[in-house]
Amino acid sequence: MLSVEDISVSYGKTATVTGVSLEIGKADKICLLGRNGVGKTTLLRSLIGLLSASKGSITFEGKVLTGTKPYQRSLTGLAYVPQGREIIPMLTVRENLELGAIAHHPKETERLIEDILTYFPALKEHMNRKGGVLSGGQQQQLAIGRALMSKPKILFLDEPSEGIQPNVVAEIATILNRVNKEKEIALFIVEQNLEFAFNICDRYFVMEKGSIVDSGSVENASTSKIRKYLTI
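Here the structure is a predicted model, which is why all the values come from computation and not from measurement.

We now examine the sheet that holds strand E7 (residues 154–158). The strands that make up a sheet are held in pairs by hydrogen bonds between backbone atoms, and each pair lies either parallel or antiparallel. Strand order in the open sheet formed by six strands is E6-E7-E8-E3-E9-E10, and the pairing between neighbours is mixed. Pairing within the sheet leaves two strands with one partner each, and these edge strands are strand E6 (78–81) and strand E10 (211–217). Neighbour to neighbour, the strand axes of the sheet diverge by 15° on average, direction disregarded. Bridging between E6 and E7 involves four bridges; their strand directions are parallel. For Ala79, the partnering residue across the bridge sits in E7 and is Leu155. Lying on the sheet, helix H5 (residues 136–148) is in contact with E6 and E7; it crosses E6 at an angle near 170°.

Glancing now at unusual backbone geometry. It is generally the case that most residues other than glycine have a negative phi and that most peptide bonds are trans. In this structure, Glu61 is a non-glycine residue whose phi angle is positive, near 50°. As for its placement among the helices and strands, Glu61 is situated in the loop between strand E4 (55–60) and strand E5 (63–64).

This paragraph deals with the pattern of salt bridges. Tallied over the full model, the rule gives twelve salt bridges. Note that Lys26 is salt-bridged to Glu184, the shortest N-O span being 3.4 Å. Here the residue Lys26 occupies a position in the loop between strand E2 (14–24) and strand E3 (29–33), and Glu184 occupies one in the loop between helix H6 (166–183) and strand E8 (186–191), the gap between them amounting to 158 residues. On the accessibility criterion, Glu184 (42% relative accessible area) is partly exposed. Glu108 is the partner of Lys151 in a salt bridge, and the nearest nitrogen-oxygen pair spans 3.1 Å. Of the two residues, Lys151 sits in the loop between H5 and E7 while Glu108 sits in the loop between helix H3 (93–101) and helix H4 (109–119), which places them 43 residues apart along the sequence. For Glu108, a relative accessible area of 25% translates into the label partly exposed.

Quick notes on the rules
- In this numbering scheme, every chain counts its residues from 1 along its sequence in written order.
- Given that this is a predicted model, residues contribute local features only at a pLDDT of at least 70 and side-chain atom pairs are listed and counted only at 80 or more, while totals for whole chains, interfaces and linings are drawn from all residues.
- Based on all heavy atoms of the structure, the side-chain values leave hydrogens and waters out of the count.
- Two strands form a pair only when DSSP identifies at least two bridges running between them.
- Runs of H or I in DSSP of at least four residues are treated as helices and runs of E of at least two as strands, each being numbered from the N terminus.
- Fitted lines through C-alpha atoms give the axes, limited to the stretch in contact for helices. The angle between two N-to-C directions lies from 0 to 180 degrees.
- We call two residues contacting when some pair of their heavy atoms lies within 4.5 Å.
- What makes a salt bridge here is a side-chain nitrogen of Lys or Arg within 4 Å of a carboxyl oxygen of Asp or Glu, nothing more.
- Each residue is placed in one exposure class: buried if its accessible area under a 1.4 Å probe, protein chains only, is under 20% of its type's maximum, exposed if it is over 50%, and partly exposed if it falls in between.

So this is what it looks like as structure tokens:
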């Protein structure tokens, strides 16, 4: 589905991502691992159009996305859950969910909300509460649910386990695996939590200084080797 070829991204004259190539297929489950500051979020933001690539190309289902706006990429089937969740705190849970469908499937909003709540039943009792009063774990579930309201083909998640209690992290992993299996939505997860990432994903990439330095199948991965890239 998504093909990334030799992507580079710069801030001013500083190259943050250099020569990254990867493929995301239908229903893939992929994680991008690495320490803070190695370029993971920069790469992710370039894939969804928030940052422009200075070199390389991005294509999705044969359509060139390089240079297109974030809303255009969203309409093709890409969805994004940012680091820190970024729900709108003064809107209710319902209103946050509705925002996810408004530009994509407005006539299906109620049905989509009902569907999302089958994955996140903990949100049911909070539908009329402001998003900002929810716990961190509930806000993360809301952010994922809002992204799924667009019926994406690829869901990009940036550090979804950050700042969340372990039991909720495990629950989110279970939900993402279920979403992937039942809806055939590909997952691309940026993470430092190796256990969480490997409980979900089948393939991995490791970034160091803006480049991919290791990749392969989770089944055959050397976790001790990967941990060296995750520690300071």
